[in-house]
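Structural overview
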Amino acid sequence: MAELELLPIIKESEHPCFDCAKCCNYVAVEIDEPTTNKEYDYVVWYLLHQGVSVFVDWDNNWYIQFQTRCDKLTENGLCGIYETRPAICRDFDWRECEQHVKEEAPDKWSWTEADVFLTWFERKRPKAFKKFDAYRQKKQRKAEEKELQRVKVKITDLPGPPVEAPPTSPS
Ligand code: SF4
Ligand code: SF4
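Notes on the structure in this doc start here. Just so it is clear, the structure is predicted and the values come from calculations on it, not from any experiment.

On to the nonpolar core, then. Ranked by size, the top nonpolar core spans six residues in total: Tyr40, Val43, Val54, Trp111, Phe117 and Phe132. Among all residues touching Phe117, those that are not within four sequence positions of it are Val43, Val44, Leu47, Val54 and Trp111.

Attention now moves to unusual backbone geometry. Phi at Ala21 is positive, roughly 60°, even though this residue is not glycine. Along the chain, the position of Ala21 falls in the segment before strand E1 (26–31). Assessed through the 19 C-beta atoms surrounding it within 10 Å, Ala21 is described here as partly exposed. Unlike most non-glycine residues, Asn60 shows phi in positive territory, near 70°. Assignment of secondary structure puts Asn60 in the loop between strand E2 (52–56) and strand E3 (62–67). Residue Asn60 is classed as exposed on the basis of its 9 C-beta neighbours within 10 Å.

Turning next to the site of ligand 1. Cys17, Cys20, Cys23, Trp94 and Cys97 are the nearest of the 11 residues found near ligand 1. For the shell around ligand 1, the per-class residue count stands at nine nonpolar, one polar and one charged.

The antiparallel open sheet is built from four strands, whose spatial order is E1-E3-E2-E4. Strands with a single pairing partner mark the edges of an open sheet, and in this sheet they are E1 and strand E4 (109–111). Recorded for the sheet is a direction-independent mean angle of 20° between the axes of neighbouring strands. Examined bridge by bridge, E2 and E4 share three bridges and lie antiparallel to one another. Pairing of Val56 across the sheet is with Trp109, part of E4. Where helix H1 (residues 37–47) meets the sheet, its contacts fall on E2, E3 and E4, and the angle it forms with E2 comes to roughly 135°.

The rules behind each value
- Residues numbered from 1 in each chain as written.
- Chains lettered and ligands numbered in written order.
- Predicted model: local features only at pLDDT ≥ 70, side-chain atom pairs only at ≥ 80, totals over all residues.
- Core = buried A, V, L, I, M, F, W, Y, C linked by C-beta atoms within 7 Å.
- Buried ≥ 20, exposed ≤ 12 C-beta atoms within 10 Å, placed from the backbone.
- Contact = placed C-beta atoms within 7 Å.
- Helix = DSSP H or I, 4+ residues; strand = E, 2+ residues; numbered from the N terminus.
- Near = placed C-beta within 6 Å.
- Nonpolar A, V, L, I, M, F, W, Y, C, P; charged D, E, K, R; others polar.
- Pairing = 2+ DSSP bridges.
- Axes fitted to C-alpha atoms, helices over the stretch in contact; angles between N-to-C directions.

Next up, the structure:
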């Protein structure tokens, strides 16, 4: 919970942060907007992990988000180190929290699954997606060729059939 600042006119249970603590249950880190095949591949990889999402805010900044509870969040949903909490928690103003500001969707785009991201990618950036798809297919082909080569080497390493001894002539 960012700051359970009690307003004189309302009861604690009526405070917007009461029983919420959503902001103490994730970490979001800004990332570069993907523009290369490798960067798009990273986004897919992030989204294949449980509890990881990617979102784009209304200023077009890209973030990776990890769903993870702060160790200092107490059982009753309060900050266990309120006096010494990090500046980022201190600066977070509940009045600007997306839980209250409902006029617009909190993010421009957000994804929790790789397949959903790929569908967005294909629809919104078709040219880049085409290149990305070709890049992935090329990678797959190369991996298959490498594996085939490895198997071939193994087969040639195998010992040949046993050589039979020549028949002995009757004396
Ligand atoms: S600031 Fe927002 S997310 Fe955090 S506890 Fe309050 S209402 Fe919940
Ligand atoms: S330090 Fe306190 S305010 Fe900051 S995320 Fe943890 S519990 Fe929440």
